[in-house]
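# Coordinates in review
Each chain is listed here by its residues.
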Amino acid sequence: MVDAADVVVQAGGAADAGAVLRLLDDATAWLVEQGRTGQWGTEPASTDPRRIAQADGWAKGGGLWLAQVGERTVGALVVGSATEYVPPATEPELYVNLLVTDRAYAGAGIGGRLLAHAADLARERGVDLLRVDCYAGDDGALVRWYERQGFTPTTGFTVERPGRPPWPGQLLTRRL
């Protein structure tokens with residue numbers, strides 16, 4: 001079992017898009033095994049041109065942080081500006097655009113460690129508000145997980161996706 005002290009969070013860069021895609025692919029495969037295909041679908045991110053471009057943008061955008069255990073990337077966090085489908089903040093914020101962890105390390109607190117890093121980044125920038133959105137479908141387990149991390153649900157929303165089912169989302173906030 002990995003101890004929190006074994007996890008090192010470091011800045012990612014342009015060369016890390018592949019690591020992000022691997023994490024997304026593994027998480028998608030796990031979700032499919034669970035019968036939870038509404039969040040990210042059934043196909044690997046690494047085969048979707050839109051997701052490949054998104055991972056590349058995150059890797060080059062300056063907001064990518066990676067959780068490492070030794071040489072292995074076990075989580076990714078992207079922070080920056082809010083996505084276009086959520087209401088804008090009424091005050092300065094730091095927005096969590098992506099949080100994904102390696103399922104082989106489930107229960108090791110890696111997601112919480114990355115969110116703590118996001119909170120530290122916000123404080124360093126003099127920001128008191130951290131926001132994130134997540135998939136609100138199925139049984140709502142992901143929303144409850146964020147609540148356990150200190151976030152409060154605010155606005156629910158639906159993202160219309162041409163040719164695919166609508167995506168139910170939940171915006172959450174955390175005061176720092």
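This write-up is about the structure you can find in this document. (Residues numbered from 1 in each chain as written. Predicted model: local features only at pLDDT ≥ 70, side-chain atom pairs only at ≥ 80, totals over all residues. Heavy atoms only, no water.)

## Section: the nonpolar core
What counts here: Put simply, buried Ala, Val, Leu, Ile, Met, Phe, Trp, Tyr and Cys residues joined by side-chain atoms within 4.5 Å make one nonpolar core. A simple rule labels every residue: compare its accessible area, found with a 1.4 Å probe on the protein chains alone, to the largest value its type can have, and call it buried under 20%, exposed over 50%, or partly exposed in between. Helix and strand assignments follow DSSP, with helices taken as H or I runs no shorter than four residues and strands as E runs no shorter than two, numbered in order from the N terminus.
With 28 residues, the main nonpolar core has Leu77, Val79, Val96 and Tyr146 as its most contacted residues. Elements with a contribution of two residues or more to this core: strand S1 (7–11), strand S2 (64–69), strand S3 (72–80), strand S4 (94–101), helix H3 (110–124), strand S5 (129–135) and helix H4 (141–148). Ranked by the residues each element gives to this core, the list is headed by H3, at seven residues. Core analysis: the second largest hydrophobic core is formed by 16 residues, Leu21, Leu23, Ala59 and Ala76 among them.

## A closer look at H3
Formally: Here, expected helix span is obtained from the residue count minus one, scaled by 1.5 Å.
Its 15 residues place the ends of H3 21 Å apart at the C-alpha level, agreeing with the 21 Å of an ideal helix rising 1.5 Å per residue. Buried within H3 we find Ile110, Gly111, Leu114, Leu115, His117, Ala118, Ala119, Leu121 and Ala122. Backbone geometry just downstream of H3 places Gly126 in the positive-phi region, at approximately 75 degrees.

## A short note on the sheet that holds S3
The criterion, for reference: Paired strands, as defined in this entry, are two strands with at least two bridges between them according to DSSP. Only the stretch in contact is used when a helix axis is fitted, and all axes are lines through C-alpha atoms; the angle between N-to-C directions ranges over 0 to 180 degrees. We call two residues contacting when some pair of their heavy atoms lies within 4.5 Å.
Read across the open sheet, the seven strands follow the order S1-S2-S3-S4-S5-S7-S6; overall the sheet is mixed. Two strands in the sheet have a free side with no partner beyond their single neighbour: S1 and strand S6 (152–161). Neighbouring strand axes in the sheet, compared pairwise and without regard to direction, differ in orientation by 25 degrees on average. As judged from the six bridges shared by S2 and S3, these two strands associate in the antiparallel manner. Each residue of the ladder has a partner; that of Leu64, found in S3, is Val78. Contacts between H3 and the sheet are confined to S1, S2, S3, S4, S5 and strand S7 (164–175), with S4 contributing the most and set at about 160 degrees to the helix. In this fold H4 packs onto S4, S5, S6 and S7, with an angle of close to 160 degrees to the strand it touches most, S5.

## A look at the pairing of S7
Of the pairings in the sheet, the one linking S5 to S7 comprises seven bridges and is antiparallel in character. Bridge pairing in S7 links Asp133 to Leu171. Here S6 pairs with S7 via seven bridges, running antiparallel. Residue pairing across strands places Thr158 opposite Pro168, the latter belonging to S7. Hairpin connection between S6 and S7: a loop of two residues separates the two successive antiparallel strands, and Gly163 in this loop has a positive phi of roughly 80 degrees.

## A few points about the packing of helix H1 (residues 17–33) against helix H2 (residues 49–60)
Heads up, the condition is: Throughout, the term roughly parallel applies to angles under 35 degrees, roughly antiparallel to angles over 145, roughly perpendicular to angles from 65 to 115, and oblique to all others. In this scheme the crossing of two helices becomes right-handed for a clockwise turn of the near helix relative to the far one and left-handed for an anticlockwise turn of less than a right angle.
One way to put it is that H1 packs onto H2 with a least axis distance of 8 Å and a crossing angle of 130 degrees. In terms of their interaxial angle, H1 and H2 are classed as oblique. Two packed elements cross with a definite hand, and for H1 against H2 that hand is right-handed. Residues Ala17, Val20, Leu21 and Leu24 of H1 lie in contact with H2, whose contacting residues are Arg51, Ile52, Ala55, Asp56, Trp58 and Ala59.

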